[in-house]
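Breakdown of the fold
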Amino acid sequence: MIFLIAYISSVVLINFAFSTAPHLDIIWSAWGGLVFVLRDMVQTRFGHGAIVAMLVALVLSYVTSDPSIALASATAFAISECIDWLVFSVTKRPLRDRLWISSALSIPIDTFIFFGMIDLMTPPVIITALASKFAGVTAVWLIMAWRERKQAVAS
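Please read these numbers as outputs of a predicted model, since none were measured by experiment.

What counts and what doesn't
Residues numbered from 1 in each chain as written. Predicted model: local features only at pLDDT ≥ 70, side-chain atom pairs only at ≥ 80, totals over all residues. Heavy atoms only, no water. Helix = DSSP H or I, 4+ residues; strand = E, 2+ residues; numbered from the N terminus. Contact = heavy atoms within 4.5 Å. Lys, Arg positive; Asp, Glu negative; His and termini not counted. Charge placed at Lys NZ, Arg CZ, Asp CG, Glu CD. UniProt positions renumbered as here; feature names shortened; annotations may be inferred. Axes fitted to C-alpha atoms, helices over the stretch in contact; angles between N-to-C directions. Parallel < 35°, antiparallel > 145°, perpendicular 65-115°, else oblique. Left-handed = near helix turned anticlockwise from the far one by under 90°. Nonpolar A, V, L, I, M, F, W, Y, C, P; charged D, E, K, R; others polar. Salt bridge = Lys/Arg side-chain N within 4 Å of Asp/Glu carboxyl O. Buried < 20%, exposed > 50% of the residue type's maximum accessible area, 1.4 Å probe, protein only. 1 Å grid on protein atoms, 1.4 Å probe; cavity = no way out; pocket = protein on both sides within 12 Å on 5 of 7 lines; lining within 4 Å. Points joined across faces, edges and corners; volume = space filled by probe spheres on them. Phe/Tyr/Trp six-rings, centres within 6.5 Å; stacked < 30°, edge-to-face > 60°.

Looking now at the overall build of the chain. Looking only at helices and strands, one finds six helices and zero strands in the chain. Across its three principal directions, the C-alpha atoms of the chain cover 50 × 30 × 25 Å. Here the contacts in the chain between residues at least 6 apart in sequence split such that 72% fall between residues at least 24 apart. Of note, the chain has its 10 positive side-chain charges centred 15 Å away from the centre of its 9 negative side-chain charges.

Residues given the UniProt feature "transmembrane region" (unreviewed entry) here are residues 45-63, 99-118 and 124-146. The span residues 45-63 carries 84% helix and 0% strand; its end-to-end C-alpha distance comes to 27 Å. The span residues 99-118 shows a helical share of 95% and a strand share of 0%, and its end C-alpha atoms are spaced 27 Å apart.

Further remarks concern the packing of helix H2 (residues 25-46) against helix H6 (residues 123-154). Where H2 contacts H6, the two axes come as close as 8 Å, and the packing angle between them is 30 degrees. Considered as vectors, H2 and H6 are oriented roughly parallel to each other. For the pair H2 and H6, the sense of crossing is right-handed. Between H2 and H6, the residues in contact are Asp-25, Ile-26, Ser-29, Ala-30, Gly-32, Gly-33, Phe-36, Val-37, Asp-40 and Met-41 and Pro-124, Val-125, Thr-128, Ala-129, Ser-132, Lys-133, Gly-136, Val-137 and Val-140, respectively. Taken together, the residues of the contact of H2 with H6 break down into ten nonpolar, six polar and three charged.

This part takes up the pattern of salt bridges. In total, this model carries six salt bridges according to the counting rule given. Its salt-bridge partner being Arg-96, residue Glu-148 comes within 2.1 Å of it at the nearest N-O pair. Here the residue Glu-148 occupies a position in helix H6, and Arg-96 occupies one in helix H5 (residues 95-117), the gap between them amounting to 52 residues. Given a relative accessible area of 17%, Arg-96 falls into the buried group.

What follows is about the environment of Val-63. Structurally, Val-63 can be placed in helix H3 (residues 50-64). Separated by 47 residues in the primary sequence, Val-63 and Asp-110 have C-alpha atoms spaced 22 Å apart.

Turning to the side chain of Ser-106, a few remarks are in order. Within the secondary structure, Ser-106 is located in helix H5. Its relative accessible area of 0% is what places Ser-106 among the buried residues.

Our next topic: unusual backbone geometry. The backbone of Asp-119 sits at a positive phi, close to 55 degrees, despite the residue not being glycine. Inspection of the secondary structure assignment puts Asp-119 in the loop between H5 and H6.

A volume near 230 Å³ is recorded for the largest pocket. Surrounding the largest pocket, Phe-3, Val-37, Met-41, Thr-44, Arg-45, Leu-95, Val-140, Ile-143, Met-144, Arg-147 and Glu-148 form its lining. For the lining of the largest pocket, the elements supplying multiple residues, two or more each, are H2 and H6. Looking at the lining of the largest pocket element by element, the count peaks at five residues for H6. For the lining of the largest pocket, the residue count by class is seven nonpolar, one polar and three charged.

Any pair of aromatic rings gets described here by the distance separating the centres and the angle formed by the planes. Summed over all chains, the structure comprises four aromatic pairs. Both rings, one in Phe-18 and one in Phe-115, keep their centres 5.7 Å apart while their planes meet at 70 degrees; by these two values the pair is edge-to-face. One end of the pair, Phe-18, is in helix H1 (residues 2-20); the other, Phe-115, is in helix H5, and 97 residues separate them in sequence. For Phe-115, a relative accessible area of 3% corresponds to the buried category. Consider the rings of Trp-100 and Phe-134, whose centres lie 5.9 Å apart with planes at 35 degrees: the pair is tilted.

Below, the structure written as structure tokens:
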């Protein structure tokens, strides 16, 4: 439940942050990596229920943030969630691989759509957003691989 609350809160807070202090775009774009990791954790625990969490976060974002930021967030998340759903539903690879594959496909698309829609597509922001998101998902992948190896050795 903690990942669900953290995910919804992070989406709302990051959209609010972009609305109130867009000049700190590099900081907020780095925070985006955490949102992707939390989304992956919600997906692993709640499956397709992650879409409901996303909808709740986006409704709250629309109420608390600039509507253009909320729309950009909704559009980017909707497209990236469809990619994630497809990867999670079609591939039969281990969970950690599905997380990384879905992120490798959805992160660049999400990043370019969001920053393009809010007119903040600058090289430093894009590089920071992509690096933080890929660092986060890679850290999760490494932790999951380590746990699997540890369990295999214990068995």
